[in-house]
Amino acid sequence: MRQFDSEDKITKVAQWLLLVNCLDDDGNLINTIPPSRTKLHNMEHCQCAHIETASRFSFSQTWTHDKVNQYLQNEVFPLAFGYVNSTEKGKGIGIPSFPWILISKERLRYDVVNIERPNGNDLA
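The shown structure was predicted, so the numbers you read here are calculated from the model rather than taken from an experiment. (Residues numbered from 1 in each chain as written. Predicted model: local features only at pLDDT ≥ 70, side-chain atom pairs only at ≥ 80, totals over all residues. Heavy atoms only, no water.)

A. Just the side chain of Glu44, in detail. Along the chain, Glu44 falls in helix H1 (residues 37-45). With no salt bridge to any partner, buried Glu44 finds its closest opposite charge in Arg56, at an N-O distance of 7.6 Å. A polar side-chain atom of Glu44 sits 3.1 Å from the main-chain amide nitrogen of Glu52. Contact partners of Glu44, with chain neighbours within four places excluded, come to Ala49, His50, Ile51, Glu52 and Thr53. (Helix = DSSP H or I, 4+ residues; strand = E, 2+ residues; numbered from the N terminus. Buried < 20%, exposed > 50% of the residue type's maximum accessible area, 1.4 Å probe, protein only. Lys, Arg positive; Asp, Glu negative; His and termini not counted. Salt bridge = Lys/Arg side-chain N within 4 Å of Asp/Glu carboxyl O. Polar contact = N/O pair within 3.5 Å; in protein donor to acceptor, adjacent residues only side chain to side chain. Contact = heavy atoms within 4.5 Å.)

B. Quick look at the packing of helix H2 (residues 65-76) against helix H3 (residues 78-86). As a packed pair, H2 and H3 sit with axes 6 Å apart at the nearest point and diverge in direction by 110°. Classified by the angle between their axes, H2 and H3 sit roughly perpendicular to one another. Every residue of H3 that contacts H2 at Leu72, Gln73, Asn74, Glu75 and Val76 is listed here: Pro78, Phe81 and Asn85. (Axes fitted to C-alpha atoms, helices over the stretch in contact; angles between N-to-C directions. Parallel < 35°, antiparallel > 145°, perpendicular 65-115°, else oblique.)

C. Spatial organisation of H2. Every buried residue of H2 is listed here: His65, Lys67, Val68, Asn69, Tyr71, Leu72, Gln73 and Val76. Taken together, the buried residues of H2 touch strand E2 (16-17), strand E3 (49-50), strand E4 (58-60), H3 and helix H4 (120-123).

As structure tokens, then:
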């Protein structure tokens, strides 16, 4: 499957993190402090992070939300999303076919980005 066209603005990311069960009932982050290096290593071992392997993944700023969602679920975190998509448990936050939200890191803390359907430009 071809990921990029010649006009795409390709963006590489230093880290991809999948924070599991980190939202409260209102959709806010329970903990806004980034994980330690040890925790990041453990997350990568569990396939919930790409730090050493992050350079394998890049995205286009021109991608739609559907394309970003497909890329995250099929390329970046296939095992985790495979599990999420096979169960109906959880808090029901977000759209069921898009079981993720965008989180940004600013000034050494994480925050939920209030965009309903983030696209490639929002990820950049």
